[in-house]
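Structural features, examined
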2 protein chains.
Amino acid sequence: MTKLYGSVEAGGTKFVLAIGNEQFNIIKSIQIPTTTPEETITSVIEFFKDNPVSALSIGSFGPIDINPESPTYGYITTTPKAGWANVDLLGKLKLALQIPMEFTTDVNSSAYGEMVVTGGNSLVYYTIGTGIGGGAVQDGKFIGGVSHAEMGHQYVKRHPKDLDFAGVCPFHGDCLEGVAAGPSLEARTGIRGENIPLDSEVWEIQAFYIAQIAVNTTLALAPEKIVFGGGVMAQEHMISRVREQFEKQLANYVKIPSALTEYLVTPSVADNGSATIGNFALAAKLL
Amino acid sequence: MTKLYGSVEAGGTKFVLAIGNEQFNIIKSIQIPTTTPEETITSVIEFFKDNPVSALSIGSFGPIDINPESPTYGYITTTPKAGWANVDLLGKLKLALQIPMEFTTDVNSSAYGEMVVTGGNSLVYYTIGTGIGGGAVQDGKFIGGVSHAEMGHQYVKRHPKDLDFAGVCPFHGDCLEGVAAGPSLEARTGIRGENIPLDSEVWEIQAFYIAQIAVNTTLALAPEKIVFGGGVMAQEHMISRVREQFEKQLANYVKIPSALTEYLVTPSVADNGSATIGNFALAAKLL
C-alpha cells in the first residue's frame, strides 16, 4: 500500500496543512487562519482525521521546544503571539492522531525541503521577510545542540553609512533581523519596501548585511549551499546584490564548493513550498 | 591486549606527539620543532615506528582539506607558512605507518577533547591567541558541511569606541580575528597584551567581541557549552568580562542550557591538553 505524508506549516497568521504522496507531490492542501490554539488545533486534527496519513511533520513558528528530553518538548514556548505561549502543539496532535510526528521550526522544514529537492548533504536556509530566520542541515540532521537555531538574531558588523540607524529588533536593536528584515527598510526611509526605488542606497545596505550573514555562515558551517527565501529576497535584484557583496567580504578566504550563482540562491521550490516538501520528507523518515 | 592511541598536534611552530592508553592518559609525549615538511614528517614517522599505536589522530594547523572525496584530502592546503602549502601530511603518515588515522583541525581536536572530558553531546571551542579559531561538535560529529569551520574570521558588530581601529586581519581587516586576537591589543595600544593594565578600556572592547561571537554561536548552534582557550583567555579576568557582556548582548532572547559560569568556560584540561585527549578519543573511534 502506498503511504501518505502530512505537513503542518504552523505560522503566526495561518496554518497550511497538506497531504503528500510518496513522491512528495501535494495531493490536497488547505489554509486555516491562526486563531486561538484550541480552535486552530481542532481544525488541524479534523483535517487529518478526514485525510489520514501515515506520519506527519510540523514546521512551526516559535520559539519552540525541540528537545525530546524536555518536559515541554513539542511546545510553542515564549512567543509574544497572544494565547500561544506554552501551548503543547505536538502533544495535542499526537494524542488525537496517534501517528509518528516530527516537530521542528518552519525554517528547518524549508531547509530540509530545499535539500531534498536539490540534493546534497548540507544546506542553510534563511528567510528574509518581516523577520529573519535560519535553519541548517548537515548530513541529514539539523544543526542545533540543545535547541533550534535562531540565526536571524546574530549580530552583524554595521554598514558605515548605516551607523546611526538603531535597528528595529525589540530584543537586540541592531541584530541582523533589526537591520535587514523588511521592516528596517521602512523604518529607514518611511516608504514601504516594495515602493522604495531600485537606486536607493538602502538596498545596498541591506545586501551588505545579508551577504555578511552568508559569509559568517560559510565560515561557521561550510555548507554546500545557502538558500535565501522570504519576501525581501523575492525581489529579483536582491540576490545579485548579495552575491556581489559576498565576494568582496569573503575576500577569497575559503573556497566555496560551487560557482557563486549555485552557492547563493533563491528557493528552487516556488511560492514558499520548500517547507511542505521538507515536512513530507521528514515524515517519511519516521517510518 | 590493551590498545594505544596516537596524537599528532601539528602546529606552525611545533608538533606535539603523544601516546595514550585506553583511559586516554598520556604515556609518552615529545615536542619537535616545525621545520621543513620532509624533516618534520620523518620525525613523526620515526616516533610512531618506535612507539607503535593502533590508530592515531592528527589535529593540524591549516587550512586543511578534510573532505575524504577530494583528491587533496589530508593535505595542508593554502597556508602562508613557507614550504607547507600543498603538503600531503595525512598521506605520508598513512603510507609509512599503515594504521587508521583521523585528520581534522587543531581546534576540532580541542573541541572533541573537551567534550570527552566534560561529557555532553555538543560543544564549541574557541582559541583566542595570536589568531582565533573555532571548532564545534554536535552528536559526536564536527560541524562543517564541505570543509572545516573557520569561525575566527566571522565579522562582528564593532564596539562604538573602537570604530576607528581598522583591525589586523590581512584578509578581512576587522573580522573577529582582526579585532579580538592578541595582536589587536598591541596594535591599539602599542603595548604587548600581557603588559596592558587591567583597567585599560581595551579589555572591555575585546571582551565585547568575544562575548559577541559567543552570542552568535549560541544563536546559530545552540551548543551545550562554549569553551574559550588560548593565550588571551588564560588571563583570569577575561572570562568574567566575557560572561558579563554576553548576558547584556543576548538580552535573554534564548535560554542557555546551564548557569552562565558552566556555559561559558575556560578549558577543563590544563596547558592546552584538550587537543591531545581529543586526538586519543578520535583515534579510539576508528577501531
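Refer to the structure presented above.
Just so it is clear, the structure is predicted and the values come from calculations on it, not from any experiment.

Okay, the sheet that holds strand β9 (residues 226–229) of chain A next. All names here are of chain A. On the basis of which strands lie adjacent, the open sheet formed by five strands has the order β8-β7-β6-β9-β10 and mixed pairing. The open sheet terminates on both sides in strands that have one partner only, identified here as β8 (141–142) and β10 (264–265). Running over the sheet, helix α3 (residues 106–118) touches β6 (122–128), β7 (132–138), β8 and β9 and is turned about 130 degrees from β6.

The next thing to look at is the packing of aromatic side chains. Following the criterion strictly, the structure yields 20 aromatic pairs over all chains and no others. A ring pair is formed by Y73 of chain A and F103 of chain A, whose centres lie 6.5 Å apart and whose planes are at 90 degrees; its orientation type is edge-to-face. Placement of the pair is Y73 of chain A in the loop between β4 (55–60) and α2 (89–97) and F103 of chain A in strand β5 (residues 101–105), with a sequence separation of 30 residues. Ring geometry for F208 of chain B against Y209 of chain B: centres 5.4 Å apart, planes inclined by 75 degrees, an arrangement best described as edge-to-face. A relative accessible area of 0% means that Y209 of chain B is categorised as buried. Put simply, the rings of F15, F61 and W84 of chain A touch in pairs and so form one group of aromatic residues.

Right, let's talk about the pairing of strand β1 (residues 5–10) of chain B for a bit. Each regular strand carries side chains that alternate between the two faces of the sheet. Residue and element names in this part refer to chain B. Burial of β1 is extensive: six of the six residues sit out of reach of the surface. For β1 and strand β2 (residues 14–20), the ladder comprises six bridges, and the chain directions are antiparallel. Directly across from E9, in β2, lies its bridge partner V16. Between the antiparallel neighbours β1 and β2 lie three residues.

All names here are of chain A. Here strand β2 (residues 14–20) lies mainly inside the structure; six of its seven residues are buried. Alignment of β2 against strand β3 (residues 26–33), held across seven bridges, turns out to be antiparallel. Within the sheet, the bridge partner assigned to F15 lies in β3 and is I32. Between β2 and β3, which pair antiparallel one after the other, the connecting turn spans five residues, and F24 there sits at a positive phi close to 65 degrees.

With an RMSD of 0.0 Å, chain A superimposes on chain B once it is rotated by 180 degrees and translated 0.0 Å along the axis. Read as a symmetry element, the transformation amounts to a two-fold axis. In terms of proximity to the rotation axis, the leading residue of chain A is K157 of chain A, whose C-alpha is 1.8 Å off the axis. A share of 100% of interface residues in chain A that are also interface residues in chain B marks the association as one of identical surfaces.

Before going further, it helps to spend a moment on the packing of α3 of chain A against helix α9 (residues 274–285) of chain A. Residues and elements named next belong to chain A. Contact pair α3 / α9: the axes reach a minimum separation of 6 Å and the direction vectors enclose 85 degrees. As summarised for this structure, α3 and α9 are arranged roughly perpendicular, according to the angle between their axes. In this structure, α3 uses D106, S109, S110, Y112, G113, E114, V116 and V117 to contact α9, whose residues at the interface are S274, A275, I277, G278, N279, A281, L282 and K285. Residue composition of the contact of α3 with α9, by class: seven nonpolar, six polar and three charged.

Glancing now at the interface of chain A and chain B. Listed by partner, the interface residues are 39 residues for chain A and 39 residues for chain B. At the boundary of chain A with chain B, total buried surface from both sides reaches about 3,300 Å², with 59% on carbon and sulfur atoms. Considering only the surface of chain A that becomes buried against chain B, Y155, K157 and Y253 of chain A emerge as the three largest contributors, covering 22% of it. Our count for the chain A to chain B interface comes out at four salt bridges. With a closest N to O distance of 2.8 Å, D174 of chain B and K157 of chain A form a salt bridge. Linking chain A with chain B are 26 residue pairs in polar contact (both at pLDDT 80 or more), by the criterion used here. The set of elements that each furnish at least two residues to the side of chain A that touches chain B consists of β8, α6 (201–221) and α7 (236–250) of chain A. With six residues, α6 of chain A is the single largest residue contributor to the side of chain A that touches chain B. For the side of chain A that touches chain B, the residue count by class is 20 nonpolar, 12 polar and seven charged.

What counts, and where the lines are drawn
- Note on numbering: residues in each chain are counted from 1, in written sequence order.
- Here every chain gets a letter starting at A, and every ligand a number starting at 1, in the order they are written.
- In keeping with the predicted nature of the model, local features appear solely for residues at pLDDT of at least 70, side-chain atom pairs appear and are counted solely at 80 or more, and the whole-chain, interface and lining totals rest on all residues.
- Hydrogens and water are ignored here; the side-chain numbers use all heavy atoms of the structure.
- The pairing criterion for strands is at least two bridges between them, as found by DSSP.
- Per the convention used, a helix needs a DSSP run of H or I reaching at least four residues, while a strand needs a run of E reaching at least two, with both numbered from the N terminus.
- Only heavy atoms matter for contacts: two residues are in contact if any of them lie within 4.5 Å across the pair.
- To define axes, lines are fitted to C-alpha atoms, for helices over the stretch in contact only, and angles between the resulting N-to-C directions are given on a 0 to 180 degree scale.
- Only Phe, Tyr and Trp rings take part, Trp by its six-membered ring, and two of them pair if their centres are within 6.5 Å. Stacked means planes under 30 degrees apart, edge-to-face means over 60, and tilted covers everything else.
- Buried residues are those whose accessible area, probed at 1.4 Å on protein chains only, stays under 20% of the maximum for their type, while exposed residues exceed 50% and partly exposed ones sit between those limits.
- A least-squares superposition brings the copies together, and it is based on the C-alpha atoms of residues with pLDDT no lower than 70 in both.
- Roughly parallel refers to an angle under 35 degrees, roughly antiparallel to one over 145, roughly perpendicular to one between 65 and 115, and oblique to any angle outside these ranges.
- Classification convention: Asp, Glu, Lys, Arg as charged; Ala, Val, Leu, Ile, Met, Phe, Trp, Tyr, Cys, Pro as nonpolar; all other residues, Gly among them, as polar.
- By convention, the term buried area covers the 1.4 Å-probe accessible surface removed from two parts as they join, with the contributions of both added.
- Each reported salt bridge corresponds to a side-chain nitrogen of Lys or Arg within 4 Å of a carboxyl oxygen of Asp or Glu.
- Here a polar contact is taken to be a pair of N or O atoms separated by no more than 3.5 Å, where protein atoms must pair a possible hydrogen donor with a possible acceptor and residues adjacent in sequence count only if both atoms sit in side chains.

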